Amino acid sequence: MSDFEKAFAALRASTEDAMAAVDVSAAVMLRTRRRRAIRWLPLAAAALIAMLVWRDLALARSVTIVAEDGWLVTPTGQTTLPRESTLRGDFTVRSNEHPIIMRSSNWTATLAGHGEAAFAWLSEDNVKKRSAALTGAVAVIVVYAGVLSFSEPGVALRAPAAAVLDRDGKAYPIAASEAENLTGGAEGGITVRDRGHGPFDQPGNAAGEIPSGGYWDASRGAVRFRLAGEVFDASSGRPIDIFEVQVAPADRASSGPRNHRVTGATDGHFLVDGISLGAWHITVRAAGYAPSRQLLTLAAVADDPYLVVPLTSGAKLTGTVVDTRGEPVEGAEIGLGNCKASCGTTTSDGKGNFVLKSAPEDTPFTLAASHPRYGNAMLPNLRVAEGATEHVHVVLSGILKVTGHVYRGPEHAPVAGALVKGGEASTLTDDSGAYELFVPLEGHPVVRVVTGTPPVEMESYPEERGAEPVRWATAKTHTAELNKDFFLAMETGRLVGRISEADGAPVVGARLLIANTMGWSKRDHQTFPAETTTDAGGRYRIDDLPAHAAYRIRLARGDDEQPLGTVALDTPREVEANFVLATNEIHGRFIDVHDREAFPMVQGMCDGIGATRVGEDAFYPLKCQGDGTFEVEHIPAGRYRIAGIGNRLRSLKLAETYVDVPARAPVEVHVEGERLLTWTARVTDAAGNFVREPVMRYEVQHGENHRTLITSSVSVSDEGTTTFSTPASLPEVVIEASGYAPARVQLVGRDPKALLDVRLAREPTP
Amino acid sequence: MERFAVLRGYCGMTAALARLDPMNDSPDDDAAGLARGEHGALRAIIGNHQQAVLRLCRRYTGSAAIAAELTQDVFVALWEARASYRHEGKLGRYLLAIARHRCLRYLERNGRFVALDVDVRLAGDSADAGAVARDLERALAKLAPEHADVLVLRHLEEMSVQEIAELTGVPEGTVKSRLHRAAAELRKVYP
């Protein structure tokens, strides 16, 4: 038998006969049938009061009754109330599903929800003699169940039943001699309710006789409860000695002590006295523990509330939120990254301060802060020890105002109604194609424009991302400005060429399959011709191919497919690419210029290297292996240049290498370059805020005066770290992000395996 | 016999006890009288079934007072629904379904209490068992109502998965996965 099974068996046994002594029939009968005694009791009581205190019973007063399915209760039974009727004198009504509305000359009352109310009429004059506070009530009302509410302001009631409660929870004794007045507030409205448990006129218990539970408090003329409970450490089970119990009403009808502080050696036990019927929030706080809040509903005098309060050590995170100028930000929403709604958020106060109680204990988490006017911030890798409190400083990113136009075609026609998106913000261009967008200034904000059917999407994609022209602004509405125009010109080029067998014979009627390999997606096109067929001369022609892109061409004959090569359509022009179906091969090896050892080419880089037959446009891709070797296959004989394709060369620092490929004989070649080192960095600002979308940048010197700027956006992992590759000899890189001053990071002498800690300083605001 | 076996399952009783099981439809159940609005019929039905409903509610809520409260509601609900209730010899099951529904609704709104009376009642028993039962009540109190639901039905009411599926109206597979998750949750909070 497992521990669980034992525990369940014990609990099962202990609860098997736990309720044997309980019989609910009487209560159910009371609630489902008017019991003779109960029906008569209020009327008798009312009559007694009336006869003892006043001689004159004013029975002539009438009440208009509006009822959907109400009952008129009489000593001999009950009859259905008509939809609208007038009743005089004393009466008892019952409401079923629908409320009964009762209108007198000076008050209106609604009896709702399975309620029963008995009315006994008194002379208004006589009532006034009794109490100056009474302004117009003329009925003695006893409510057995349901809710009775009065809508007239200032209405006072005589309430002889303990079951009658006002909205402050005041209860009134049932004995006529203890009759009290009940007065509505200035705004009007008294709610009288009974909890459906019949009268509870128990004799009062002397304090101490009952450790907890409900009792009749004669001095207040109301039911009160003593709430007992115990507070203990959830992990050790040991009682907590110093704690505070706060009792707060969860609805308007509840009243009692608002605060109850328990300190000293209590062995974890507490007793709070004087709580009325109703719903309560019981909050227990102890130093070093997360507060515990429970809802306690005291519905019947028989309730014996005993609260078991396990407290868990709470972690707490406090912090200050400031804007890019260092001014405190009020109203920033702070929560846990990815878990805002369910984990709870908090808001910074006028001094930018906040307290986040939902921080997980002893577990790394990301703090996310946002403000629509001041931007966002994320702090990854925070950790608060169990029961501890940490303080963080949060600098919001600021807001970037992006303005510009969206144009189409070479004539720059404005595009109206194009969707422009940045971060979570979006807007539509107006008739002049203009837009204005406010996006959080995080890393390098990417703005996209989407237009047309099917949608064409284009990203702001500055050539040099590090040089994005973000300007600091002096305006109060935003931190920085960026102007970005989109030109949705559909620039296309054409590919022509000839496919021939190794002996020069044309390849006729073969299908050519076109696939994009790099450079154009999300620019200004969605589709391109996917295939074509060679003619009788082995020639082909593909129009309307998006420019600024490279395409891989494959040859399909029957079920056979074979790669031909890749063509770069770097500008919108006609490119000729001829292919010869040959079986020649190049076998090569990348050699590091410093240590003369072979080094493996990073796969992404390998895709950007090709072998081009001198005098032609098409290039044949390299297949790079992990040991630093590579192959180029299925190529005709001739002289080849091995180099990076287009811009890719810049990040490779490879020596252009020429090789002669003889017919039917593999050739070996060494390509010199520099081994790439992969670095891992954590990029944060001075406050420890995690910088999104940082950019890595360095320059490479080629020969005497040729320098190439290499930039690469750096992706950020969940742990907040980023990786990037550099040539082994590179002395330093520049890490930067919009809104931050660039940081130079020395690489010489550093171990690539060690984490680079990069701190970016905010650019000074003008 | 088949039906009795099922009903017996609902009650979580042994075969010997099944004869006395108030969850079985008692021959005293006067559904026709109930439908006619006769209070005598209601009183008899309460007498026959209230212990099972009370016990179920006690196990759900952890409080005898709340259980009494909810049990009253169950029978008042039966009374109010007397016109539409169709007697198919499954009154006990019908009441249990109402009771479960009311208890879950209560737990969602108010959470669960751990009653002190577990200790008191087990005073004659071994002290260990009392502590164990109380620990379990505390642990159950920390669970989400839907998790406590299946654990109460399976391990305290001792229903089979099939019976739970019938009572709750969800597929058996769902009951099993809920049980699995609930046990995992319980393991996290049980000392």
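This structure is a prediction, so every number in the text was calculated from the model and none was measured.

Enquirer: Could you clarify how one ought to interpret the overall build of chain B in this entry?
Expert: Tallying secondary structure elements over chain B gives 11 helices and 0 strands in all. Ordered by position from the N terminus, the helices and strands of chain B form the series α-α-α-α-α-α-α-α-α-α-α. Within chain B, residue pairs in contact and separated by at least 24 positions form 63% of the contacts whose partners lie at least 6 positions apart. For chain B, the accessible area works out to roughly 8,200 Å², and carbon and sulfur atoms hold 52% of it.

Enquirer: Is there a simple way to think about the overall build of chain A in this case?
Expert: Helix and strand content of chain A: 6 helices and 60 strands. Evaluated residue by residue, chain A yields a buried proportion of 49% over its 766 residues. In chain A, 60% of the contacts between residues at least 6 apart in sequence involve partners at least 24 apart. Counting only carbon and sulfur atoms, one obtains 49% of the accessible surface of chain A, whose full area is about 34,900 Å².

Enquirer: I would appreciate a short explanation of the sheet that holds strand 25 (residues 375–382) of chain A in the present structure.
Expert: Consider a sheet: its strands pair through backbone hydrogen bonds, and that pairing is either parallel or antiparallel. Residue and element names in this part refer to chain A. The strand order 22-21-24-25 describes an open sheet built from 4 strands, whose pairing is antiparallel. Each edge of the open sheet is held by one strand with a lone partner, namely strand 22 (346–347) and strand 25. For strand 21 (residues 333–336) and strand 24 (residues 365–371), the ladder comprises 4 bridges, and the chain directions are antiparallel. Bridge pairing links Leu 336 to Leu 367 in strand 24.

Enquirer: Sorry, what's going on with the state of the cysteines here?
Expert: Here a disulfide denotes a covalent bond joining the sulfur atom of one cysteine to the sulfur atom of another. All told, the structure shown has 0 disulfides over all chains when counted by the stated rule. Counting only cysteine sulfurs, Cys 103 of chain B is the nearest neighbor of Cys 57 of chain B, a cysteine outside any disulfide, at a range of 3.2 Å.

Enquirer: Would you mind going over the interface of chain B and chain A with me for this structure?
Expert: Many structure descriptions define interface size as the accessible area lost when the parts assemble. Counting residues at the interface gives 48 residues for chain B and 42 residues for chain A. With both sides pooled, the region where chain B packs onto chain A buries about 4,000 Å², and carbon together with sulfur makes up 65% of that total. On inspection of chain B and its partner chain A, the count reaches 1 salt bridge. For Glu 158 of chain B, the salt bridge identified is with Arg 12 of chain A, shortest N-O distance 3.6 Å. At the boundary of chain B with chain A, the tally comes to 3 residue pairs in polar contact (both at pLDDT 80 or more). Listed by contribution, the elements that provide at least two residues to the side of chain B that touches chain A are helix 4 (39–61), helix 5 (64–80), helix 6 (91–110), helix 7 (117–121), helix 8 (127–142), helix 9 (145–156) and helix 11 (172–189) of chain B. For the side of chain B that touches chain A, the element with the most residues is helix 5 of chain B, which contributes 12 residues.

Enquirer: Is there a simple way to think about the packing of aromatic side chains in this case?
Expert: Aromatic ring pairs are described here by two measures, namely the spacing of the ring centres and the angle between the planes. Residues and elements named next belong to chain A. Scanning all chains against the criterion turns up 4 aromatic pairs over all chains. Look at Tyr 620 and Tyr 640: their rings are 6.0 Å apart centre to centre, the planes differ by 65 degrees, and that puts the pair in the edge-to-face class. Placement of the pair is Tyr 620 in strand 47 (residues 619–621) and Tyr 640 in strand 50 (residues 638–644), with a sequence separation of 20 residues. Residue Tyr 620 shares its accessibility class with Tyr 640, and that shared class is buried. Feature note: the residues Phe 579, Tyr 620 and Tyr 640 constitute an aromatic cluster, connected by ring pairs.

Enquirer: I keep staring at the pattern of salt bridges and nothing clicks. Help me out?
Expert: Between side chains of opposite charge, pairing is possible as soon as their charged atoms come close. All names here are of chain A. Counted under the stated rule, the structure contains 23 salt bridges over all chains. Taking the shortest distance from any N to any O, the salt bridge between Glu 68 and Arg 83 comes out at 3.3 Å. Note that Glu 68 is positioned in the loop between strand 1 (62–67) and strand 2 (71–74) and Arg 83 in the loop between strand 3 (77–80) and strand 4 (84–88), a separation of 15 residues in sequence. For Glu 68, a relative accessible area of 47% corresponds to the partly exposed category. One salt bridge in this structure joins Arg 596 and Glu 672, with 2.7 Å as the shortest N-O distance.

Enquirer: Looking at this model, I keep getting lost on helix 10 (residues 161–168) of chain B. Mind explaining?
Expert: Because an α-helix packs 3.6 residues into every turn, residues spaced three or four apart end up facing the same way. All names here are of chain B. Most of helix 10 is tucked away, with 6 of its 8 residues classed as buried. Of all the residues in helix 10, the buried ones are Val 161, Glu 163, Ile 164, Ala 165, Leu 167 and Thr 168. Once helix 10 finishes, Gly 169 follows within two positions and takes phi at roughly 75 degrees, a positive value.

Enquirer: Looking at this structure, I do not really get the confidence of the model for chain A. What am I missing?
Expert: Close inspection of predicted coordinates is inappropriate for parts of the model with low pLDDT. Residue and element names in this part refer to chain A. Mean pLDDT over chain A works out to 70, with 62% of the residues at or above the 70 mark. Below a pLDDT of 50 lies the segment residues 122–147, which in the model reaches 103 contacts outside its immediate sequence neighbourhood of four places, other chains included. For the stretch residues 150–211, pLDDT sits under 50, and the model shows 188 contacts to residues farther than four places along the chain or on other chains.

Enquirer: How do you make sense of the nonpolar core when you look at a structure like this?
Expert: Where a protein is soluble and globular, its nonpolar side chains tend to be buried together. With 60 residues, the main nonpolar core has Phe 75 and Leu 186 of chain B as its most contacted residues. Sorting elements by how many residues they give to this core places helix 5 of chain B first, with 10 residues. Taken domain by domain, this core gets at least three of its residues from each of domain 1 (1–113) and domain 2 (116–191) of chain B. Each residue touching Leu 186 of chain B, except ones within four places of it in the same chain, is listed here: Phe 4 and Phe 8 of chain A together with Leu 136, Ala 139, Leu 140, Leu 143 and Leu 151 of chain B. Within the second largest apolar cluster, 44 residues are counted, among which are Ile 499, Ala 611, Ala 618 and Leu 676 of chain A.

Enquirer: Explain helix 4 of chain B to me, please; I cannot follow it from the model alone.
Expert: All names here are of chain B. Along its 23 residues, helix 4 runs just 28 Å from first to last C-alpha, ending more than 12% under the 33 Å computed at 1.5 Å per residue. Of all the bends in helix 4, the greatest measures close to 55 degrees and is centred on His 49. In terms of burial, helix 4 is a largely internal element, 18 of the 23 residues being buried. Remark: Gly 62 follows helix 4 within two positions and exhibits a positive phi of approximately 80 degrees.

Enquirer: How should I be thinking about the pairing of strand 20 (residues 316–322) of chain A in this particular structure?
Expert: Consecutive side chains along a regular strand alternate between the two faces of the sheet. Residue and element names in this part refer to chain A. When you tally the buried positions in strand 20, you get 6 out of 7 residues, the bulk of the element. Strand direction decides the pairing type here: strand 20 and strand 26 (residues 389–395), joined by 7 bridges, are parallel. Looking at strand 26, one finds that Val 322 is bridged to Val 395. Direction of pairing for strand 20 relative to strand 23 (residues 353–356): antiparallel, over a ladder of 4 bridges. When the sheet's bridge partners are listed, Thr 318 is paired in strand 23 with Val 355.

Enquirer: What should I look at first to understand the side chain of Thr 283 of chain A in this one?
Expert: All names here are of chain A. Structurally, Thr 283 can be placed in strand 17 (residues 278–285). Judged by relative accessible area, which is 7%, Thr 283 ranks as buried. Beyond its immediate sequence surroundings of up to four residues, Thr 283 is in contact with Glu 244, Val 245, Gln 246, Pro 291, Ser 292 and Arg 293.

Enquirer: Any chance you could explain the packing of helix 10 of chain B against helix 11 of chain B here in plain terms?
Expert: Between two packed helices, both the angle of their axes relative to each other and the distance between the axes serve to describe the pair. Residues and elements named next belong to chain B. Their axes nearest at 9 Å, the elements helix 10 and helix 11 cross at an angle of 110 degrees. Between helix 10 and helix 11, the crossing angle belongs to the class labelled roughly perpendicular. Contact with helix 10, carried on its side by Val 161, Gln 162, Ile 164, Ala 165 and Thr 168, involves Glu 172, Val 175, Lys 176 and Leu 179 of helix 11 and no other residues of that element. A per-class count over the contact of helix 10 with helix 11 returns 5 nonpolar, 2 polar and 2 charged.

Enquirer: Would you mind going over the sheet that holds strand 20 of chain A with me for this structure?
Expert: Residues and elements named next belong to chain A. Strand order in the open sheet formed by 3 strands is 23-20-26, with mixed pairing between adjacent strands. Edge strands, defined here as strands with exactly one partner in the open sheet, are strand 23 and strand 26. Averaged over all pairs of adjacent strands, the angle between strand axes in this sheet comes to 25 degrees, irrespective of strand direction.

Enquirer: Hey, could you run me through the environment of Asn 483 of chain A in this one?
Expert: Residues and elements named next belong to chain A. Considering the arrangement of structural elements, one finds Asn 483 in strand 35 (residues 480–483). Take Asn 483: its relative accessible area is 42%, and that puts it in the partly exposed class. Taking the C-alpha atoms as reference, Asn 483 lies 8.4 Å from Lys 401; in sequence the two are 82 residues apart.

Enquirer: How should I be thinking about the confidence of the model for chain B in this particular structure?
Expert: All names here are of chain B. Chain-level statistics for chain B give a pLDDT mean of 73 and a share of 74% at 70 or above. Contacts from residues 1–24, a stretch scored under 50 in pLDDT, to residues over four places away or in other chains number 46 contacts. Scored below 50 in pLDDT, residues 115–125 makes 24 contacts in the model with residues more than four places away or belonging to other chains. Predicted as a complex, the structure gets a pTM of 0.36 and an ipTM equal to 0.78.

Enquirer: Please explain unusual backbone geometry as it appears in this structure.
Expert: Both trends apply: most residues other than glycine have a negative phi, and most peptide bonds are in trans. Positive phi, close to 55 degrees, is recorded for His 634 of chain A, a residue that is not glycine. When you line up the elements, His 634 of chain A lands in strand 49 (residues 629–635). In this structure His 634 of chain A comes out as partly exposed when scored by relative accessible area, which is 36%. Positive phi, normally seen in glycine, also occurs at Glu 158 of chain B, with a value near 55 degrees. Here Glu 158 of chain B lies in the loop between helix 9 and helix 10.

Conventions we followed
- Residues numbered from 1 in each chain as written.
- Chains lettered and ligands numbered in written order.
- Predicted model: local features only at pLDDT ≥ 70, side-chain atom pairs only at ≥ 80, totals over all residues.
- Heavy atoms only, no water.
- Helix = DSSP H or I, 4+ residues; strand = E, 2+ residues; numbered from the N terminus.
- Contact = heavy atoms within 4.5 Å.
- Areas by Shrake-Rupley, 256 points an atom, 1.4 Å probe, with all protein chains shown as cover.
- Buried < 20%, exposed > 50% of the residue type's maximum accessible area, 1.4 Å probe, protein only.
- Pairing = 2+ DSSP bridges.
- Disulfide = S-S within 2.5 Å.
- Buried area = accessible area lost by both parts, 1.4 Å probe.
- Salt bridge = Lys/Arg side-chain N within 4 Å of Asp/Glu carboxyl O.
- Polar contact = N/O pair within 3.5 Å; in protein donor to acceptor, adjacent residues only side chain to side chain.
- Phe/Tyr/Trp six-rings, centres within 6.5 Å; stacked < 30°, edge-to-face > 60°.
- pLDDT = per-residue confidence, 0-100.
- Core = buried A, V, L, I, M, F, W, Y, C linked by side-chain atoms within 4.5 Å.
- Domains from an automatic or database assignment.
- Expected span 1.5 Å × (residues − 1).
- Bend = angle between axes of the 7 residues up to and from the residue.
- Axes fitted to C-alpha atoms, helices over the stretch in contact; angles between N-to-C directions.
- Parallel < 35°, antiparallel > 145°, perpendicular 65-115°, else oblique.
- Nonpolar A, V, L, I, M, F, W, Y, C, P; charged D, E, K, R; others polar.

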